[in-house]
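Residue strings, one per chain:
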Amino acid sequence: MPASLTRLDSRVEAAVGTSIASLHAEEARLSAQGARVLDAHRALTKAETAVAFERVRLLICADRQRRVDDQLLADLSDQLEILEDAAAARDQAEMDLLARVEEMRNRPPATSVPVPAAVHVPLAAALRR
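Note that the coordinates shown come from a computational prediction; the quantities given were computed from them, not determined experimentally.

Engineer: How do you make sense of helix H1 (residues 9-16) when you look at a structure like this?
Structural biologist: An α-helical turn contains 3.6 residues, so any two residues separated by three or four positions project in the same direction. Residues Asp9, Val12 and Ala15 constitute the buried set of H1. All buried residues of H1 lie within an arc of 130° about the axis, which places them on one face of the element. Exposed and oriented more than 90 degrees from the buried face of H1 are Ser10 and Ala14. Lining the buried residues of H1 we find helix H2 (20-25), helix H3 (32-61) and helix H4 (70-105).

If you want it as structure tokens, here you go:
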């Protein structure tokens, strides 16, 4: 796995307290919040990949060996629109991931629930037997 998949990896790692690689490796044991962060991270990674792919397609479309004519201009316009849509989807995925990270940061600390005194008495009596 590459060192960094998105520009938000360091924020995700700080929120969950582990690396992105460990997060993926420990997927089966994640809390519900951790799973939501992982899903949002995957969506952002996919969106980042789509933006990179569409950007390359735009560069190929704009190859300087192509004759500049109406067809090339139409192709460039279409490809630019596709790239804009991919970037908008990426921006939405970033906002979703940031929202999941914020939820993770604001989660209440795990505290033990006090056991009522009535439960201690039968347990103590059972242990004496």
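Read on for the rest.
Engineer: Hey, could you run me through the pattern of salt bridges in this one?
Structural biologist: Where charged atoms of side chains with opposite charge meet at close range, the side chains can pair. Applying the stated criterion across every chain, the model contains 8 salt bridges. Between Glu27 and Arg42 there is a salt bridge; the shortest N-O distance is 2.9 Å. Within this pair, whereas Glu27 is found in the loop between H2 and H3, its partner Arg42 is found in helix H3, the two being separated by 15 residues in sequence. The partly exposed category is assigned to Arg42, whose relative accessible area is 33%. Within the structure, one salt-bridge network assembled from shared partners comprises Arg36, Arg100 and Glu103.

Engineer: Hey, could you run me through the nonpolar core in this one?
Structural biologist: One broad rule of soluble globular proteins: the nonpolar side chains tend to lie buried together. With 14 residues, the main nonpolar core has Val12, Leu23, Val37, Leu44, Leu97 and Val101 as its most contacted residues. When residues of this core are traced back to their parent elements, those giving at least two are H1, H2, H3 and H4. A per-element tally of this core places H3 first, with 5 residues. If near-sequence neighbours (up to four positions away) are discounted, Val101 is found in contact with Arg11, Val12, Ala15 and Val37.

Engineer: Before we go on, may I ask you to explain a negative patch on the surface in this structure?
Structural biologist: On the surface, Asp78, Glu81, Glu84 and Asp85 cluster together into a negatively charged patch. Positionally, Glu84 belongs in helix H4. Since its relative accessible area comes to 48%, Glu84 is described here as partly exposed.

Engineer: Any chance you could explain the packing of H1 against H4 here in plain terms?
Structural biologist: A pair of packed helices is captured by two measures, namely the crossing angle of their axes and the spacing between those axes. Orientation of H1 relative to H4, taken along the N-to-C sense of each, is 25°, at an axis distance of 9 Å. Here H1 lies roughly parallel to H4, going by the angle between them. The two elements H1 and H4 cross, and the hand of that crossing is left-handed. Residues Arg11, Val12, Ala14, Ala15 and Val16 of H1 form the contact with H4, whose participating residues are Leu97, Leu98, Val101, Met104 and Arg105. By residue class, the composition of the contact of H1 with H4 is 8 nonpolar, no polar and 2 charged.

Cut-offs and rules
Residues numbered from 1 in each chain as written. Predicted model: local features only at pLDDT ≥ 70, side-chain atom pairs only at ≥ 80, totals over all residues. Heavy atoms only, no water. Buried < 20%, exposed > 50% of the residue type's maximum accessible area, 1.4 Å probe, protein only. Helix = DSSP H or I, 4+ residues; strand = E, 2+ residues; numbered from the N terminus. Arc of directions from axis to C-beta. Contact = heavy atoms within 4.5 Å. Salt bridge = Lys/Arg side-chain N within 4 Å of Asp/Glu carboxyl O. Core = buried A, V, L, I, M, F, W, Y, C linked by side-chain atoms within 4.5 Å. Patch = residues over 30% accessible without salt bridge, like charges linked within 9 Å, V, L, I, M, F, W, Y side chains within 5 Å. Areas by Shrake-Rupley, 256 points an atom, 1.4 Å probe, with all protein chains shown as cover. Lys, Arg positive; Asp, Glu negative; His and termini not counted. Charge placed at Lys NZ, Arg CZ, Asp CG, Glu CD. Axes fitted to C-alpha atoms, helices over the stretch in contact; angles between N-to-C directions. Parallel < 35°, antiparallel > 145°, perpendicular 65-115°, else oblique. Left-handed = near helix turned anticlockwise from the far one by under 90°. Nonpolar A, V, L, I, M, F, W, Y, C, P; charged D, E, K, R; others polar.

Everything listed here is a matter of geometry and, on its own, says nothing about what the molecule does.
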